[in-house]
Amino acid sequence: MIEVEALVKRYGSTTAVDGLTFTARPGTVTGFLGPDGAGKSTTMRMIVGLERPTAGTATVDGRRYAELDAPLHSVGVMLDARSVHPGRTAFRHLLAQARTHGIPRSRVDEVIAMTGLEPVAHRRAGTYSLGMGQRLGIAGALLGDPGTLILDEPVNGLDPDGVLWVRRLVRDLAAEGRTVLLSSHLMHELALCADRVVIIGRGRLLADAPVHEIVERSGGTLEEAYLQLTAGAVQYRGRATTSPTTTTAGDAR
Amino acid sequence: MTTRTPATRVSFAGVLAAEWTKLVGLRSTLWVALGTALAAASLAYGLSLFAGRGDGPTGVSLVVAGSVLAQTGALALGALVGAGEHSSGAATATFTAVPRRLPVLAAQAVVTGAGAGVTAAAALAASALATTDARTRAGLVLELADPETARMLAGFVLHLVGVALLGLGLGALLRRPGAVIVAGVILLVVVDQLLATNPGQVTDTLRAALPGAGARLLLDDAALAALDAASRGPRLGAWGGGLVLAGWAVGALAAGAGRLCRGDVTR
Amino acid sequence: MSAHAVAAPRAARPAAGRGAMTFRGVLAAEWTKVTSLRAPYWAAAATAVACGLLTYVSANASSVDPGFDPLDSLTSGVLLAQVGPLVLGVLVGTGEFATGTFRTTFATVPRRLPVLAAQVVVTAAFAVVAALLAVIAAVAGILPAASGRGIAVDLTADGTPQVLVGTALYLVGLALCGLAAGALLRRTVPALVGILVLVLVLPVGLSLATDGGTGPAAPAGAVPADPASTLVTFTPSGAASFLTAPPGGGGVAGAPDLGPWGAAAVLAAWALVPLVAAAVRLRRRDLV
């Protein structure tokens with residue numbers, strides 16, 4: 001269980017996260033959404049203690065992440081695919097992480113097999129494609145067989161087979177009673193695998209409800225509901241290259 | 001999930017094993033070690049060719065003659081361990097596994113020290129081999145039982161270990177390997193040369209307080225005496241110089257630890 | 001770097017007008033890339049500040065000597081100031097590869113070599129500005145000590161113009177040496193280690209051969225030609241002693257007298273040889 005309470009993060013005069021409160025419960029997949037720059041990654045980094053909150057708390061199973069005796073067994077984290085030294089092989093990277101906790105080498109082989117990395121496990125990570133890097137990130141998150149998983153854009157760059165695999169994986173993990181917090185920009189993907197969504201914009205909570213409830217409220221798809229909810233909180237918006245008469249999704253208020 | 005993995009927890013021995021796995025799992029480590037040994041041996045060989053005229057060097061002073069180049073390799077090793085973590089993005093994985101952070105730096109200090117020690121020993125062996133001819137020609141013997149010789153050989157290793165730890169501390173502090181290399185070379189070489197152009201009580205005292213004072217560990221007694229006689233600053237002797245370097249390494253590591261513990265791990 | 005990312009798609013649109021790729025265009029792009037980063041400005045500022053400050057301190061310290069000539073202190077900051085142009089050059093040379101920008105760059109300029117040529121021009125131009133600032137700072141640095149002793153500073157006499165021009169040229173040459181090392185090795189750490197060892201560390205190591213390990217070589221009258229000193233003379237910083245000293249001065253005891261032109265040629269070779277190697281590597285090999 002992840003509990004985030006009145007979380008604030010400021011960098012100088014910029015406020016990245018502004019009094020955010022939500023809970024991700026065991027046995028559910030919680031989708032974490034918001035426009036670019038909304039504070040999703042910052043929030044996830046604060047939950048796992050990489051960045052210190054300016055105010056508020058973030059706990060996992062009631063304890064601050066840094067106080068956990070065996071963080072890898074409590075929380076599996078995949079923050080971005082490039083969390084590995086480009087000169088190190090996937091096997092070595094995972095082995096080093098495992099050794100901090102005394103996790104046996106056999107478990108490293110196991111997660112490599114689970115994520116389909118066997119053919120490239122002994123190649124340097126700098127040579128990986130985006131999808132392979134993503135699989136390595138997921139392998140690292142699964143290493144400690146944790147009760148809680150935090151996955152930032154896990155399907156980014158994966159092939160269709162990989163997307164399907166991640167969808168099944170997170171459903172299975174939740175079915176086993178684990179907590180899964182998953183961020184994504186792919187609405188149809190989240191509609192398929194999330195039970196609940198937490199939507200934030202400009203560092204603040206915009207919605208926190210079961211997927212079906214949000215969809216019913218808007219009367220359309222999850223994507224339409226998301227666009228309605230975040231319309232006022234989008235910070236970076238592209239424009240059409242041709243005439244301004246075409247209405248793009250972002251303009252529909 | 002097929003099997004529940006047995007419950008384990010973070011231990012310092014585990015963190016140490018992890019850092020060792022990371023160090024030896026990088027090709028750059030091997031290249032730095034090889035390059036250091038090769039550079040030291042080449043310089044020792046080159047200097048041994050020119051030696052022999054004038055006041056005669058001792059056998060051991062030829063063997064440790066590559067230290068000026070070798071210290072750059074040790075600095076690079078420390079910089080790669082300390083700053084590479086952050087510049088490559090691997091810090092995210094490292095510090096989610098060990099969120100208390102400080103054990104990682106402590107373990108890095110141990111493995112960097114060990115790596116630098118092994119590299120220094122390799123550099124000494126290579127230098128001894130490279131200078132064999134010159135030493136036999138000049139009739140210089142390498143008497144390991146001689147306390148001065150033993151002190152100089154151990155001093156070579158200790159100096160390199162100290163410089164590597166200084167690099168590690170600066171790496172944890174600055175988080176960019178390039179910045180560490182530039183700062184380290186300025187501290188170890190450039191400032192000393194600048195001060196040497198204006199000898200005086202103030203500049204000599206400052207020179208004695210620079211991390212390069214660690215190189216006194218590997219100077220022979222005659223050179224040390226000459227150095228102390230010429231200096232208007234404090235007379236450090238060999239071990240005093242080593243202590244100055246140790247102070248710099250500890251200071252840099254403390255500053256690095258401060259940033260690591262108080263600051264954010266960002267990309 | 002942002003110039004490429006933004007300009008490329010616009011250039012593909014007919015409405016924005018079609019332009020053929022020219023060397024001037026590549027040059028403008030490289031200039032935009034260098035000047036849009038912070039590091040080059042830091043390197044240039046550090047060069048000038050180091051030069052001015054050290055010259056000031058050194059001139060003040062020696063102004064108590066009876067035979068004080070402020071012009072003697074003019075180049076006392078170069079030892080530290082030379083780090084600035086080296087770092088500047090290495091960062092321009094490796095920046096593309098270290099950050100991945102090279103994919104955009106060489107997709108835009110598939111012939112590749114114009115990019116390297118443009119980097120040479122841009123680095124030289126940036127370094128000229130930095131070197132001029134450094135020389136001006138050095139001159140400003142000796143003025144307080146000179147006026148304190150009531151000595152008028154005449155920058156036109158006694159080969160001083162050669163010292164000023166030579167110092168500036170040396171700093172520009174170092175930036176190009178750094179660029180060449182960076183372009184050849186493509187990775188910041190190896191390039192920095194290599195160039196700093198060559199320029200700063202190796203001369204110290206070699207000087208140990210001549211004076212038994214007590215510090216930098218002290219010239220003591222006529223010394224017979226000495227191989228170690230000769231090697232020092234052929235490093236960039238060794239050659240520089242002919243550029244940053246008045247005519248007839250400079251050089252290392254026991255080494256051949258290169259003269260300013262010979263020294264400039266040595267410096268140019270240290271930049272050109274690796275640049276040619278970098279060009280060959282750029283042209284022949286894949287970009288990964």
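Please refer to the structure placed before this passage.
A. Structural context of the overall build of chain B. A count of helices and strands for chain B gives 12 helices and zero strands. Each helix (α) and strand (β) of chain B, taken in turn from the N terminus, gives the series α-α-α-α-α-α-α-α-α-α-α-α. Over its C-alpha atoms chain B spans a radius of gyration of 20 Å, differing by no more than 12% from the 18 Å that the globule rule assigns to 267 residues. Expressed along its principal axes, the backbone C-alpha trace of chain B runs to roughly 75 × 40 × 30 Å. Within chain B, the proportion of its 267 residues that are buried is 58%. Considering only intrachain contacts with a sequence separation of at least 6, the fraction spanning at least 24 residues in chain B is 83%.

B. Layout of the overall build of chain C. Counting secondary structure elements, chain C contains 12 helices and zero strands. For chain C, the sequential pattern of α-helices and β-strands runs α-α-α-α-α-α-α-α-α-α-α-α. Of all 288 residues assigned to chain C, the portion counted as buried reaches 49%. Relative to all contacts within chain C whose residues are 6 or more apart in sequence, the contacts with residues 24 or more apart total 79%.

C. Representation of the interface of chain B and chain A within the structure. Counting from both sides, the interface comprises 33 residues of chain B and, opposite them, 36 residues of chain A. Residue assignment for the side of chain B that touches chain A shows that the elements contributing at least two residues are α1 (12-24), α2 (27-50), α4 (67-88) and α5 (91-97) of chain B. Considering every element that reaches the side of chain B that touches chain A, the biggest residue donor is α1(B), with six residues. Split into classes, the residues belonging to the side of chain B that touches chain A amount to 14 nonpolar, 13 polar and six charged.

D. How the structure looks around the sheet that holds strand β3 (residues 29-33) of chain A. Residue and element names in this part refer to chain A. Reading across from one edge, β5-β6-β7-β3-β8-β9 is the order of the six strands in this open sheet, with mixed pairing throughout. Edge positions in the sheet fall to β5 (75-78) and β9 (204-210), since each of these pairs with one other strand and no more. Neighbouring strand axes in the sheet, compared pairwise and without regard to direction, differ in orientation by 15 degrees on average. Relative to strand β6 (residues 148-152), β5 is paired through four bridges, and the arrangement is parallel. Looking at β6, one finds that G76 is bridged to L149. Helix α6 (residues 160-175) contacts β3, β6 and β7 (179-183) of the sheet and is inclined by roughly 150 degrees relative to β7. Sheet strands touched by helix α9 (residues 222-230): β3, β8 (196-201) and β9. Its angle to β8, the strand with the most contacts, is close to 30 degrees.

E. View of the nonpolar core. With 256 residues, the main nonpolar core has I181(B), L171(C) and L196(C) as its most contacted residues. If we ignore the near neighbours within four places in the chain, the residues touching L196(C) are I181(B), V185(B), L86(C) and V201(C).

F. Just the sheet that holds strand β4 (residues 55-60) of chain A, in detail. Residues and elements named next belong to chain A. If you walk across this open sheet you meet the three strands as β2-β1-β4, and the pairing is antiparallel. Both edges of this open sheet fall to β2 (14-24) and β4, since each of them pairs with a single strand only. The mean angle between the axes of side-by-side strands here comes to 20 degrees, regardless of whether they run parallel or antiparallel. Note: strand β1 (residues 2-11) against β4, five bridges, orientation antiparallel. Within β4, the residue paired with E3 across the bridge is T59. Contacts between helix α1 (residues 40-47) and the sheet are confined to β1, β2 and β4, with β1 contributing the most and set at about 115 degrees to the helix.

G. Region of the structure containing the packing of helix α8 (residues 211-218) of chain A against α9(A). Residues and elements named next belong to chain A. Viewed as axis vectors pointing N to C, α8 and α9 meet at an angle of 75 degrees, and their least axial separation amounts to 8 Å. Viewed along their axes, α8 and α9 adopt a mutual orientation that is roughly perpendicular. Residues V211, I214, V215, R217 and S218 of α8 touch α9, and the partners they reach there are L222, E224, A225 and Q228. A class-by-class count of the residues in the contact of α8 with α9 yields five nonpolar, two polar and two charged.

H. Region of interest: the interface of chain C and chain B. Each partner contributes to the interface: chain C provides 28 residues, whereas chain B provides 29 residues. Elements supplying a minimum of two residues to the side of chain C that touches chain B: α3 (39-62), α4 (78-81), α5 (83-99), α9 (188-211) and α10 (227-233) of chain C. Looking at the side of chain C that touches chain B, the element that brings in the most residues is α9(C), giving 13 residues.

The rules behind each value
Residues numbered from 1 in each chain as written. Chains lettered and ligands numbered in written order. Predicted model: local features only at pLDDT ≥ 70, side-chain atom pairs only at ≥ 80, totals over all residues. Helix = DSSP H or I, 4+ residues; strand = E, 2+ residues; numbered from the N terminus. Rg over C-alpha atoms; globule rule 2.2 N^0.38 Å. Buried ≥ 20, exposed ≤ 12 C-beta atoms within 10 Å, placed from the backbone. Contact = placed C-beta atoms within 7 Å. Nonpolar A, V, L, I, M, F, W, Y, C, P; charged D, E, K, R; others polar. Pairing = 2+ DSSP bridges. Axes fitted to C-alpha atoms, helices over the stretch in contact; angles between N-to-C directions. Core = buried A, V, L, I, M, F, W, Y, C linked by C-beta atoms within 7 Å. Parallel < 35°, antiparallel > 145°, perpendicular 65-115°, else oblique.

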